[in-house]
Amino acid sequence: MDAHPEHAARIFHRCPICHTALSVSRIVVAEGPLLECPNCGQLLSGCNAEQYAAALQMWNTAHGTSPQPRAARRYREVVTRRLRKAEQLLGRRAGMKLLDVGCSSGALLAIAKDMGFEVQGVEPAHEAAQAAIRAGFQVHEGYLSDARYPSGHFDVITLFEIVEHLRDPIDVVAECARILKPGGILVVNTPNAHSWSAETLGGQWEGFSLFGLGGHISFFSPRSMGELAKRTGLAVEWIETRNVRLTEDKSSPAKYRALKILGQLLAYPARIATKGHDLLVYFRKPAK
């Protein structure tokens, strides 16, 4: 148990998924050791509120999370594949309503609109939200809890690279469940804290970086995603992981290339074992 008074400034003292008291893990990052839930395995940052707020400022720009031009084609392919899977699970039909939570400047909304979805977004970062609005999208500037969408309104809700930034993921996912139609799909993408990448690199893994990735504080696994579903009244409909990275160090090009090739060879076994570092989960709201 970690109950020392000098740690009172930490933003987490209990697991935000199952409310279990936390212990100190063996994984050490720049802010200190990560914390671990002994019940569901969730890993959590030991940062304080000031560090967290400062890290989040990375996303308060007009560009937001829009991909760089050289990555735009790959981004479109990935988003399209993920949304096609949601369509497959739902059974494609005209006029499906999609909400992107944390829509930033609207990159995903543009792709979803091209696919035929009726799209809306939510974004708390002012500059990014205004960029999406200027692009013609209907976006609520603020938090999901303040948007007051009607119950059972959306067919698909996306939370891509969002839950790892949240102090209270239960509240956000429960609100998503409320505003989903019965049988609707919530799609969540986040780094997999129990991946081979995380297990190999430990505190050097990029996925654990608070400042490098703009506020990563909560680190999920397939196990803790199951707990999240149980506590929000959702069901895990589909889960997959992709990709293995065995080094973040590019100082030795030959070693980096060799480990990159090894990671590519391990990609398929990682998918089978759900040990890839990109975790994608489709939750379904039970039908009435």
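Here the structure is a predicted model, which is why all the values come from computation and not from measurement.

**Student:** Describe the overall build of the chain, with residues and values.
**Tutor:** Each helix and strand in the chain was counted, giving nine helices and eleven strands. Relative to the globule expectation of 19 Å for 288 residues, the C-alpha radius of gyration of the chain, 19 Å, shows essentially globular dimensions. A burial count over the chain gives 49% of its 288 residues as buried. Sequence separation of at least 24 residues holds for 71% of the intrachain contacts in the chain that already meet a minimum separation of 6. Taken as a whole, the chain presents about 13700 Å² of accessible surface, with 53% of it coming from carbon and sulfur. Both charge centroids of the chain, one from 34 positive and one from 28 negative side chains, sit 7 Å from each other.

**Student:** Describe the pattern of salt bridges, with residues and values.
**Tutor:** Tallying each qualifying case throughout the model produces 17 salt bridges. Taking the shortest distance from any N to any O, the salt bridge between Arg84 and Glu87 comes out at 2.9 Å. Of the two residues, Arg84 and Glu87 are both situated in helix H2 (residues 72–90); the distance of three residues between them amounts to about one turn of the helix. Owing to a relative accessible area of 42%, Arg84 belongs among the partly exposed residues under this scheme. In this structure, the salt-bridge partner of Arg245 is Glu248, at a minimum N-O distance of 3.1 Å.

Here is what the cut-offs are and how they apply
- Residues numbered from 1 in each chain as written.
- Predicted model: local features only at pLDDT ≥ 70, side-chain atom pairs only at ≥ 80, totals over all residues.
- Heavy atoms only, no water.
- Helix = DSSP H or I, 4+ residues; strand = E, 2+ residues; numbered from the N terminus.
- Rg over C-alpha atoms; globule rule 2.2 N^0.38 Å.
- Buried < 20%, exposed > 50% of the residue type's maximum accessible area, 1.4 Å probe, protein only.
- Contact = heavy atoms within 4.5 Å.
- Areas by Shrake-Rupley, 256 points an atom, 1.4 Å probe, with all protein chains shown as cover.
- Lys, Arg positive; Asp, Glu negative; His and termini not counted.
- Charge placed at Lys NZ, Arg CZ, Asp CG, Glu CD.
- Salt bridge = Lys/Arg side-chain N within 4 Å of Asp/Glu carboxyl O.

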